[in-house]
Amino acid sequence: MGSTLNGASETTGGSVLRVGVIGVGNISKQYFAEFPKLPNLELVVVADLDLARAAEVAAEQGVRSSSVDELLADPEVDVVLNLTIPAAHADVALRALEAGKHVYGEKPLALSTAEARPVLELAAAKGLRFGSAPDTVLGSGVQTALAVLDSGAIGRPIAAAVAWSAPGHELWHPAPAFYYQPGGGPLLDMGPYYLTSLVSFFGPVVRVSGAVARSDRERSVATGALAGTPIPVHEEVDTHVTAILEHANGVVSTVTVSFEVWASRVPLFEVYGTGGTVAVPDPNRFSDPVEIATADDRTWRAVPDSAGFVDAGRGVGLSDLAEAIEQNRPHRASGDLAFHVLEIMEAIIVAGREHRVVELTSTVDRPAPVARELSLRHSSSRSDQRRVTVRGQGEG
């Protein structure tokens, strides 16, 4: 195997995964901001199709820049963090795995399950780890909500409801055209946060039904150097999606995501049980508060954080992957989970366009919850780390 996990702390025994980033667009800034807080990750090199941009970011981060090919061949890189646009996710992942690197990528896993399946098969064949965003669900917000549900505080969960909406990302993103190309739209862009949370709460989905729509309103970039530039909406991109999900454990979830809503008072994310309701915080964020109302007291009250990685940010899923290699356990933000979520989204689109119920073919185990005690280990520093070599482990 070409990739190894290197570096360990003499005081904690923790290992360090050396990271090469491909793609230094808007989302990369959030990862770079978190790397100093994650003692088992070390950024070593960045690459981008725009070599000048890669060199600029590398200088800001105090690391090397390279071409994509050079990064994939670099023996100093243990894991590739794939931050390219959705259309490139599968190709870059396959190339990185062929080069013997572990891979962690942004969501969605790929544009389709057909495109994603060879990626997971190659990772398994090579004994390499493959992980995928979102890792926001590992923060204290969603994990505290999960702890509340598992405690029985609202009795047996019966249903959940999600309603995320916005007029469109063009109002804030400086280069938003890819949100309206295959791999974009509100479902593939925002859906993974909510669907990953729902699977983390209730386990796999077995069937879906739904409805989809798209408007013909004209869109244009609102901010930045491209302000005023028209944005074409690809014919395969639905801009308003509603779905009903049936989980294997009997819970029914309704999900609406939309780029067509200018204002709304619909609750973002709630879970309904036989003895109360949990208001789940935004799973696009890591640490917003959880609220609960019970049959005994139907007044909303905040729930203190009780689980999840503390003060987390993007990259904690990759940090958990590094620790999972060391401990020879499954990592939480796994390729299998991302694949199941991708199949859910694919099934929603088919169900909506063909007006039928779609049975899912994949399944996945509910990821292990993040205990509060476990999460505290990720706030330590990088001090006293030395180099060792630990062979990478395949996903369990």
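Residues numbered from 1 in each chain as written. Predicted model: local features only at pLDDT ≥ 70, side-chain atom pairs only at ≥ 80, totals over all residues. Heavy atoms only, no water.

Here's the deal with the packing of helix 6 (residues 140-151) against helix 7 (residues 185-202)
Contact pair helix 6 / helix 7: the axes reach a minimum separation of 10 Å and the direction vectors enclose 30 degrees. The orientation of helix 6 with respect to helix 7, classified from their angle, is roughly parallel. Relative to helix 7, the crossing made by helix 6 is right-handed. Every residue of helix 7 that contacts helix 6 at Val 142, Ala 145, Leu 146 and Leu 149 is listed here: Ser 197, Ser 200, Phe 201 and Phe 202. For the contact of helix 6 with helix 7, the class distribution of residues is six nonpolar, two polar and no charged. (Axes fitted to C-alpha atoms, helices over the stretch in contact; angles between N-to-C directions. Helix = DSSP H or I, 4+ residues; strand = E, 2+ residues; numbered from the N terminus. Parallel < 35°, antiparallel > 145°, perpendicular 65-115°, else oblique. Left-handed = near helix turned anticlockwise from the far one by under 90°. Contact = heavy atoms within 4.5 Å. Nonpolar A, V, L, I, M, F, W, Y, C, P; charged D, E, K, R; others polar.)

Points about the nonpolar core
When a protein is soluble and globular, its nonpolar side chains tend to lie buried together. Ranked by size, the top nonpolar core spans 86 residues in total, and within it Phe 201, Val 208, Leu 245, Val 271 and Val 278 carry the most contacts. Broken down by element, this core gets its largest block of residues, 11 residues, from helix 9 (residues 335-354). The contacts of Val 208, once residues within four sequence positions are left out, are Ile 244, Leu 245, Ile 344, Ala 347, Ile 348, Ala 351, Arg 356, Val 357, Val 358 and Leu 360. Counting residues in hydrophobic clusters, the runner-up holds 24 residues, among them Leu 38, Ala 58, Leu 83 and Leu 318. (Core = buried A, V, L, I, M, F, W, Y, C linked by side-chain atoms within 4.5 Å. Buried < 20%, exposed > 50% of the residue type's maximum accessible area, 1.4 Å probe, protein only.)

Considerations on the pairing of strand 3 (residues 41-47)
Here strand 3 lies mainly inside the structure; six of its seven residues are buried. Across six bridges, strand 2 (residues 15-22) lies against strand 3 in parallel orientation. Bridge pairing in strand 3 places Val 21 opposite Val 46. In this fold, strand 2 hands off to helix 1 (residues 28-34), which returns the chain to strand 3; that crossover is right-handed. On the question of chirality, the crossover connecting strand 3 to the parallel strand 4 (residues 64-66) by way of helix 2 (residues 51-61) is right-handed. (Pairing = 2+ DSSP bridges. Right-handed = clockwise from strand over helix to strand, strands pointing away.)

Focus on the packing of aromatic side chains
Throughout the structure, instances matching the rule amount to eight aromatic pairs. Look at Tyr 180 and Phe 259: their rings are 5.5 Å apart centre to centre, the planes differ by 55 degrees, and that puts the pair in the tilted class. A residue pair is termed long-range when its members are at least 10 positions apart, and Tyr 180 in the loop between strand 8 (157-165) and helix 7 and Phe 259 in the loop between strand 11 (252-258) and strand 12 (269-273) qualify at 79 residues. Like Phe 259, Tyr 180 is buried. Each residue in the set Tyr 194, Phe 201, Phe 202 and Phe 269 is aromatic and connected to the rest through ring pairs, giving one cluster. (Phe/Tyr/Trp six-rings, centres within 6.5 Å; stacked < 30°, edge-to-face > 60°.)

Points about helix 7
When the terminal C-alpha atoms of helix 7 are compared, their 25 Å separation across 18 residues agrees well with the 26 Å that a helix rising 1.5 Å per residue should span. The sharpest bend along helix 7 comes to roughly 55 degrees, located at Gly 191, with the proline Pro 192 sitting one to four residues further on. Counting buried positions along helix 7 yields 18 of 18 residues, so the element is predominantly enclosed. Just past helix 7, the residue Gly 203 takes up positive phi, approximately 85 degrees. (Expected span 1.5 Å × (residues − 1). Bend = angle between axes of the 7 residues up to and from the residue.)

Brief notes about the confidence of the model for the protein chain
Here the protein chain averages 91 in pLDDT, while 91% of its residues score no lower than 70. Predicted confidence is poor over residues 1-13, with pLDDT under 50, and the contacts of this stretch with residues over four places away or in other chains come to 56 contacts. Confidence drops under a pLDDT of 50 for residues 380-396, and excluding neighbours within four residues, the segment shows 58 contacts in the predicted structure. (pLDDT = per-residue confidence, 0-100.)

Some words on the packing of helix 5 (residues 113-126) against helix 9
To characterise two packed helices, one gives the angle between the axes of the helices and the distance between these axes. Contact pair helix 5 / helix 9: the axes reach a minimum separation of 10 Å and the direction vectors enclose 170 degrees. In terms of orientation, helix 5 and helix 9 fall into the roughly antiparallel class. Residue-level inspection shows Thr 113, Ala 116, Arg 117 and Leu 120 of helix 5 in contact with helix 9, the latter providing Gly 335, Asp 336, Phe 339, Leu 342, Glu 343 and Glu 346. The class makeup of the residues in the contact of helix 5 with helix 9 is four nonpolar, two polar and four charged.

A short note on the environment of Leu 120
In this fold, Leu 120 is placed in helix 5. The exposure class of Leu 120 is buried, given its relative accessible area of 15%. Sequence separation between Leu 120 and Leu 198 is 78 residues, and the spatial gap between their C-alpha atoms is 22 Å. Each residue touching Leu 120, except ones within four places of it in the same chain, is listed here: Phe 130, Gly 335, Asp 336 and Phe 339.

Comments concerning the pattern of salt bridges
Oppositely charged side chains may form a pair once their charged atoms are brought near each other. One pass over the structure, following the stated rule, counts 19 salt bridges. A salt bridge links Arg 18 to Asp 78; the nearest nitrogen and oxygen atoms lie 3.1 Å apart. Taken together, the residues Arg 18 in strand 2 and Asp 78 in the loop between helix 3 (68-73) and strand 5 (79-82) connect sequence positions 60 residues apart. Taken individually, Arg 18 and Asp 78 each receive the classification buried, so the pair is uniform in this respect. Its salt-bridge partner being Glu 34, residue Lys 37 comes within 3.3 Å of it at the nearest N-O pair. Look at Lys 37 and you get partly exposed, because its relative accessible area is 43%. Judged by its relative accessible area of 11%, Glu 34 is buried. If you follow the salt bridges from partner to partner, you end up with Glu 170, Arg 217, Arg 219 and Glu 260 in one network. (Salt bridge = Lys/Arg side-chain N within 4 Å of Asp/Glu carboxyl O.)

A short note on a nonpolar patch on the surface
A cluster of nonpolar residues, Leu 171, Trp 172 and Trp 262, forms a patch on the protein surface that exposes about 380 Å² of accessible area. Topologically, Trp 172 is positioned in the loop between strand 8 and helix 7. Residue class for Trp 172 comes out partly exposed when judged on its relative accessible area of 45%. (Patch = residues over 30% accessible without salt bridge, like charges linked within 9 Å, V, L, I, M, F, W, Y side chains within 5 Å. Areas by Shrake-Rupley, 256 points an atom, 1.4 Å probe, with all protein chains shown as cover.)

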